[in-house]
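Spelled out, the chains give:
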Amino acid sequence: MRLLRGRKLCSTFTSFLLLIISVLFCSTVFLSYKVLTSEQCRSERSEILRYETTNPKHKPILSKHKLALLVPFRNRLEELMVFAPYIHDFLKEQGVNHQIFVLNQVDSYRFNRASLINVGYLYTKNEYDYIAMHDVDLLPLNKALMYSYPSQPHHLAAPHLHPRYHYAKFIGGILLINREQFALVDGLSNRYWGWGLEDDEFYVRLRDAQLNVTRPENILTNRTNTFRHIHDKSRKRDTVKCDRQKEVTRRRDRETGLHDVKYKISSHNELVINGAPVILINIRLMCNTNQTPWCDCEGKP
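Note that this is a predicted model, so its numbers are computed, not measured.

The rules we used
Residues numbered from 1 in each chain as written. Predicted model: local features only at pLDDT ≥ 70, side-chain atom pairs only at ≥ 80, totals over all residues. Heavy atoms only, no water. Buried < 20%, exposed > 50% of the residue type's maximum accessible area, 1.4 Å probe, protein only. Helix = DSSP H or I, 4+ residues; strand = E, 2+ residues; numbered from the N terminus. Pairing = 2+ DSSP bridges. Core = buried A, V, L, I, M, F, W, Y, C linked by side-chain atoms within 4.5 Å. Contact = heavy atoms within 4.5 Å.

Participant: Just to check I follow, could you spell out the pairing of strand β3 (residues 130-134) for this structure?
Facilitator: In the case of a regular strand, side chains alternate between the two sheet surfaces. Judged by how many residues are buried, β3 sits mostly within the fold: five of five residues are covered. Side chains Tyr130, Ala132 and His134 project from β3 onto one buried face, and the interleaved Ile131 and Met133 project onto a second face that is buried too. When strand β1 (residues 66-73) meets β3, the two strands line up parallel, connected through four bridges. Each bridged residue has a counterpart across the sheet, and for Leu67 the counterpart in β3 is Tyr130. Taken together, the five bridges between β3 and strand β6 (residues 174-178) define a ladder with antiparallel strand orientation. In the sheet register, Tyr130 faces β6, and the bridge partner there is Asn178.

Participant: Teacher, can you tell me more about the nonpolar core here?
Facilitator: In globular proteins that are soluble, nonpolar side chains generally tend to be buried together. Among the nonpolar cores identified, the biggest contains 35 residues, and Phe101, Ile131, Met133, Phe182, Phe202 and Leu206 are the most heavily contacted of them. Elements with a minimum of two residues in this core: β1, β2 (97-105), α3 (113-124), β3, β6, α5 (198-208) and β9 (276-285). Tallying contributions element by element places α3 first for this core, with five residues. In contact with Leu206, not counting residues within four places along its chain, are Pro153, Ile171, Leu175, Ile177, Val185, Leu211 and Val213.

These figures capture arrangement, not role.
Rendered as structure tokens:
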């Protein structure tokens, strides 16, 4: 009897031990599977995130307002080759719905930045909500400089940020303005042939129309590292003043602007410069030599 009870007890103990071993084995398998599955899920999620950030279908949402980037231009091909792809990528990263327009002056008169911008505005105003008056030799380096739609004229190349020009009324380099406000002030004066002062006159137009020029705030960079100025130092600016040019262009122009800019568009071409879509507009400006004889200073004192 004792031997039988001992065998029964041994059998029961063995069964219990086998049960414990089975439970432990099953638990180990289950936990291992769960860890592996969890790791696999994390890996899959990581792969999905990587795909979503690199797949070209996942682009920044474009802004509803369309920007016409107007670049007055003449014989600056090397600078344009740097500028176009750089600014295109800069704006694309911000989600700005934009198109670059190169306003190429092809007549024989002196360069007229203001009239070219007037022509660019007239060419784009039906499809674009605002313009950027943008120098080809100025590249923004700070990503906090936003090219979004401005409720007031917005001067990105502010005096406290521009590498060269620091006076309070300076609004050159890069200025954003919506199409209604540009039309309100009748654009820029057409009297400025040669280099300089057209943006100073435009500042007075904005002030007289009670438009407040805003500038970037809380920018952590300064005059040395907010912009890259790629102007070729060997290229001399046309600063000649002839006839009555100095006298006339120092005064407020209440007579010329969008309404009377005289020009002819010779052609326009759609180009791609290192991945950047560009519309090149060849523009022939016309000069009334009775009103602005300084459009051609050759042989004149």
